[in-house]
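What the coordinates show
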Amino acid sequence: MISIDLTLKYTSIPISVQRKEAEDADFLYKKIISAMRSPTPELIELTCEKHTEKKVAVMSDQISVVILSQKDGAASTGRVPGFFSEAESRK
């Protein structure tokens, strides 16, 4: 399962959706990045393939970070995905 995590401006709670296939996750990642680069904000609607009832809509100009990561056993033990958690684990 591949996770796409979004961090919004002015909030510390990440939004996360999952994709089963790497190609689908990469396509969604590129779609979000493209919307973030757009000069006009647009509404991005996201669904989750792991929890199909999970839906969220965000404005592209409110996204500050997008992380694409592979979910594995380490992530399921309570460690959050992302670059900061990797840096902290190396100390």
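Look up a bit, the structure's there.
What this report covers is the structure whose coordinates are included nearby. (Residues numbered from 1 in each chain as written. Predicted model: local features only at pLDDT ≥ 70, side-chain atom pairs only at ≥ 80, totals over all residues. Heavy atoms only, no water.)

Our next topic: the overall build of the chain. Helix and strand counts for the chain stand at 2 helices and 5 strands. In the chain, the succession of helices and strands from N to C terminus is β-β-α-β-β-β-α. Split into buried and exposed, the 91 residues of the chain put 29% on the buried side. At a minimum sequence separation of 6, the contacts of the chain that also span at least 24 residues come to 53%. Looking at the chain as shown, the accessible area adds up to about 6,400 Å², and 55% of this sits on carbon and sulfur atoms. (Helix = DSSP H or I, 4+ residues; strand = E, 2+ residues; numbered from the N terminus. Buried < 20%, exposed > 50% of the residue type's maximum accessible area, 1.4 Å probe, protein only. Contact = heavy atoms within 4.5 Å. Areas by Shrake-Rupley, 256 points an atom, 1.4 Å probe, with all protein chains shown as cover.)

With phi around 65 degrees, Tyr10 is a residue other than glycine that occupies positive phi space. Examined against the element boundaries, Tyr10 turns out to sit in the loop between β1 (2-8) and β2 (15-19). Given the relative accessible area of 82%, Tyr10 is considered exposed.

Another point: the nonpolar core. Of all hydrophobic cores here, the largest spans 16 residues; its most connected members are Ile4, Leu6, Ile32, Leu46, Val58 and Ile63. For this core, the elements supplying multiple residues, two or more each, are β1, β2, α1 (22-37), β3 (43-47) and β5 (63-70). Apart from the residues lying within four places of it in its own chain, the contact partners of Leu46 are Leu6, Val17, Leu28, Ile32, Lys54, Lys55 and Val56. (Core = buried A, V, L, I, M, F, W, Y, C linked by side-chain atoms within 4.5 Å.)

A separate point is the environment of Arg37. For Arg37, the position within the fold is in helix α1. In this structure the C-alpha to C-alpha distance between Arg37 and Asp61, which are 24 residues apart in sequence, comes to 8.7 Å.

Let's shift gears to the sheet that holds β5. If you trace the 3 strands from one edge of the open sheet to the other, you get β2-β1-β5, paired in antiparallel fashion. A single partner strand is all that each edge strand has here, and the edge strands are β2 and β5. Averaged over all adjacent pairs, the angle separating strand axes in this sheet is 20 degrees, with direction ignored. Here 7 bridges tie β1 to β5, and the two strands are oriented antiparallel to one another. The residue bridging Thr7 from the neighbouring strand is Val65, located in β5. The strands touched by α1 are β1, β2 and β5; relative to β5, the strand with the most contacts, the crossing angle is about 170 degrees. (Pairing = 2+ DSSP bridges. Axes fitted to C-alpha atoms, helices over the stretch in contact; angles between N-to-C directions.)

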